[in-house]
Protein chains: 2
Amino acid sequence: MGFLEDKKRTLMNLELAIREGLVDEEIIPILNKINEIDNYYTTSSCIGRVGIMEIPKDKNPKLYSRWLGKWHHYASYDELFNALKNKKEGYIVFVMNSPILHIACKDIESAKKMLELAIHSGLKASSIKSISDKRVIVEILTTYKVDTPIGEDGEIFVDNNYLKFLLDYSNSKLKRAREILMRWANRLDELKK
Amino acid sequence: MGFLEDKKRTLMNLELAIREGLVDEEIIPILNKINEIDNYYTTSSCIGRVGIMEIPKDKNPKLYSRWLGKWHHYASYDELFNALKNKKEGYIVFVMNSPILHIACKDIESAKKMLELAIHSGLKASSIKSISDKRVIVEILTTYKVDTPIGEDGEIFVDNNYLKFLLDYSNSKLKRAREILMRWANRLDELKK
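Residues numbered from 1 in each chain as written. Chains lettered and ligands numbered in written order. Predicted model: local features only at pLDDT ≥ 70, side-chain atom pairs only at ≥ 80, totals over all residues. Heavy atoms only, no water.

This part is about the pairing of strand E5 (residues 100-105) of chain B. All names here are of chain B. In terms of burial, E5 is largely enclosed, as 5 of its 6 residues are buried. As paired strands, strand E1 (residues 40-46) and E5 are joined by 6 bridges and run antiparallel to one another. By the bridge assignment for E5, Thr42 is matched with Ile103. (Buried < 20%, exposed > 50% of the residue type's maximum accessible area, 1.4 Å probe, protein only. Helix = DSSP H or I, 4+ residues; strand = E, 2+ residues; numbered from the N terminus. Pairing = 2+ DSSP bridges.)

Further remarks concern the relation of the copies chain B and chain A. With an RMSD of 0.0 Å, chain B superimposes on chain A once it is rotated by 180 degrees and translated 0.0 Å along the axis. A rotation of that kind, with that shift, is consistent with a two-fold axis. Both copies share a contact surface, since 100% of the interface residues of chain B are interface residues in chain A too. (Least-squares fit on C-alpha atoms with pLDDT ≥ 70 in both. Contact = heavy atoms within 4.5 Å.)

Another aspect to go through is the environment of Thr142(A). Residue and element names in this part refer to chain A. Mapping Thr142 onto the fold places it in the loop between strand E7 (136-141) and strand E8 (146-152). Overall, Thr142 belongs to the buried group, its relative accessible area being 3%. Residues Thr142 and Ala125 lie 17 residues apart in sequence; the distance between their C-alpha atoms is 5.2 Å. Discounting chain neighbours no more than four positions away, the residues touching Thr142 are Ser98, Pro99, Leu123, Ala125 and Ala177. Polar side-chain contacts of Thr142 include one of 2.9 Å to the side chain of Ser98. At a separation of 3.1 Å, a polar atom in the side chain of Thr142 contacts the main-chain amide nitrogen of Tyr144. (Polar contact = N/O pair within 3.5 Å; in protein donor to acceptor, adjacent residues only side chain to side chain.)

So this is what it looks like as structure tokens:
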């Protein structure tokens with residue numbers, strides 16, 4: 001199967017996911033912009049988020065980590081404190097994950113163009129994640145991130161004032177990361193030429 | 001100038017840097033292993049580190065951030081507490097940076113092989129950072145990281161027990177990241193075939 005058939009099939013699945021509310025609202029216009037361009041289609045995306053994970057110490061973290069809370073909007077102190085009530089066991093880690101997109105590109109040349117536009121727009125952690133005959137996958141990513149262990153086994157080692165500071169800090173970094181993402185999104189038309 | 005000339009020049013500079021003690025001791029055997037293989041040479045590397053940065057709020061962080069302390073060995077509590085005495089202004093951020101290498105590859109094929117070996121060895125954040133006619137740059141990177149704001153403008157918002165926990169956590173993640181790096185390094189001979 002060729003690139004265009006793959007694109008068609010992937011976009012049908014994207015349509016379904018959007019209808020089911022599984023895709024971040026804010027990122028849909030960006031996905032549409034990319035999917036309008038011949039040599040590209042999106043395979044996954046997230047507008048960025050703040051959250052708290054519980055990560056087991058002895059079991060496989062891939063299988064047994066769980067979210068106490070995660071928010072694609074700018075979470076409030078209350079949302080954070082309420083989520084922490086569900087803590088149980090393992091490391092408790094507060095995270096801010098950058099906006100991220102994966103874009104299938106038709107060939108090396110189109111991947112290079114996409115990557116260079118991203119880097120030049122300030123999305124400095126962007127890269128090529130894989131190359132095959134069928135497609136090249138470009139990952140779009142900012143350098144903004146927060147990864148903070150705050151406790152373990154049901155116990156929090158920081159006070160509420162610090163948690164408020166951590167949330168404010170993370171929300172402001174997430175906001176900045178989204179601004180840079182939009183700067184890139186507004187230049188996507190350049191790839192049509 | 002071709003790939004081999006670039007490689008020769010880069011390795012001469014590497015020799016000088018090693019003699020001046022500018023290259024992490026522990027990573028030198030890995031660099032040698034890579035540079036022995038025809039289609040590859042290393043352009044930069046770090047064995048991973050734990051550190052504390054002061055990041056200005058209003059000035060360009062690229063120009064005005066400064067390290068209060070950084071350690072490629074597993075730092076002690078005392079080293080951490082002593083470094084914090086020099087705090088002054090801006091965000092105070094504790095970080096654990098993964099081991100990282102940049103490898104110039106002769107062409108797409110050799111870059112793909114290097115990237116796939118890294119991913120399959122567990123270095124899941126590895127990627128291709130740039131492609132030109134002269135070389136393809138592969139970045140070798142684990143997913144382990146800590147990025148924790150702990151205070152601002154000379155004030156620390158967490159207590160010493162938390163800082164000890166944060167350091168222990170980060171040192172253990174750094175150790176794990178280095179184990180995965182070694183797993184990959186031990187398989188580099190596969191690229192000679």
